[in-house]
Amino acid sequence: QVQLVESGGGLVQAGGSLRLSCAASIHTISSYVMGWFRQAPGKEREFVAAISSTGGSTYYADSVKGRFTISRDNAKKSVYLQMNSLKPEDTAVYYCARQAGVYYSRASSYDYWGQGTQVTVSS
């Protein structure tokens, strides 16, 4: 089965930056859209960003557009999320996922998920 492992989370001050990584093992991700979602306490999982199989197209939630950048390296079976100008509202557990359905912004369209990495932004 596919395994996805996120890393790079941590505690940062508002305005700071973090770069999250997602490494896939066992199975390739090269044919799939990959996405990042986040979930804050008491809230449902929220779409953050997605990237097409070749990396040619990217998609972002309005709340992160202009601040976050998603990228991928299929040879390394990895997906990244560069997060700049972080805000306290960005605090959440961030998940990497592989798309299975047709709607990139819906959590239900993704079949494999990582364990998540905590991002905490202090005010």
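Look up: the structure comes first, before these words.
Computed from a prediction, not measured in an experiment: that's the story for all the values here. (Residues numbered from 1 in each chain as written. Predicted model: local features only at pLDDT ≥ 70, side-chain atom pairs only at ≥ 80, totals over all residues. Heavy atoms only, no water.)

(A) Seen up close, the overall build of the protein chain. In terms of helices and strands, the protein chain carries zero helices and 11 strands. Reading the secondary structure of the protein chain in the N-to-C direction produces β-β-β-β-β-β-β-β-β-β-β. Relative to the globule expectation of 14 Å for 123 residues, the C-alpha radius of gyration of the protein chain, 13 Å, shows essentially globular dimensions. For the protein chain, the spread of C-alpha atoms along the three principal axes comes to 40 × 25 × 25 Å. The buried share of the protein chain, reckoned over its 123 residues, is 39%. Of the contacts formed within the protein chain by residues at least 6 apart in sequence, a portion of 55% connects residues at least 24 apart. With an accessible surface of roughly 6200 Å², the protein chain has 47% of that area assigned to carbon and sulfur atoms. Across the protein chain, the centroid of the 12 positively charged side chains sits 5 Å from that of the 8 negatively charged ones. (Helix = DSSP H or I, 4+ residues; strand = E, 2+ residues; numbered from the N terminus. Rg over C-alpha atoms; globule rule 2.2 N^0.38 Å. Buried < 20%, exposed > 50% of the residue type's maximum accessible area, 1.4 Å probe, protein only. Contact = heavy atoms within 4.5 Å. Areas by Shrake-Rupley, 256 points an atom, 1.4 Å probe, with all protein chains shown as cover. Lys, Arg positive; Asp, Glu negative; His and termini not counted. Charge placed at Lys NZ, Arg CZ, Asp CG, Glu CD.)

(B) Examining the packing of aromatic side chains more closely. Overall, the coordinates contain seven aromatic pairs when judged by the stated rule. When the centroid spacing of 4.9 Å and the interplanar angle of 75° are considered together, the rings of F37 and Y110 count as edge-to-face. Of the two residues, F37 is situated in strand β4 (residues 34–39) and Y110 in strand β10 (residues 110–113); the sequence distance between them amounts to 73 residues. Take F37 and Y110: they sit in the same class, and that class is buried. An aromatic cluster is defined as three or more aromatic residues linked by ring pairs; in this entry it consists of F37, F47, Y59, Y95, Y104, Y110 and W113. Geometry around Y80 places R19 over its ring, the cationic atom sitting 4.1 Å from the centre. Residue placement shows R45 over the ring face of W113; its charged tip is 4.7 Å from the ring centre. (Phe/Tyr/Trp six-rings, centres within 6.5 Å; stacked < 30°, edge-to-face > 60°. Lys NZ or Arg CZ within 6 Å of the ring centre and 35° of its normal.)

(C) Here's a closer look at the state of the cysteines. Using the criterion set out here, one finds one disulfide in the structure. Disulfide pairing is shown between C22 and C96; the S-S distance is 2.1 Å. When the S-S torsion is -75°, as for the bridge of C22 with C96, the disulfide is left-handed. Of the two residues, C22 sits in strand β3 (residues 18–25) while C96 sits in strand β9 (residues 92–99), which places them 74 residues apart along the sequence. (Disulfide = S-S within 2.5 Å.)

(D) Up close: the nonpolar core. Ranked by internal contacts, the top residues of the largest apolar core, which has 31 residues, are W36, V48, F68, V79, L81, M83 and Y94. Sorting the residues of this core by element identifies β3, β4, β5 (46–51), β7 (68–73), β8 (78–83), β9 and β11 (117–122) as the ones contributing at least two each. Among the elements that line this core, the one with the most residues is β5, at five residues. Other than its neighbours up to four places away in sequence, V48 contacts W36, F37, R38, Y59, Y60, A61, V64, F68, L81 and Y94. (Core = buried A, V, L, I, M, F, W, Y, C linked by side-chain atoms within 4.5 Å.)

(E) Quick peek at the pattern of salt bridges. Within this structure, the stated rule accounts for four salt bridges. Salt-bridge contacts for R38 lead to E46; the nearest nitrogen and oxygen are separated by 3.0 Å. Residue classification places R38 among the buried positions, given a relative accessible area of 5%. Through salt bridges with shared partners, a single ionic network connects R38, E46, R67 and D90. (Salt bridge = Lys/Arg side-chain N within 4 Å of Asp/Glu carboxyl O.)

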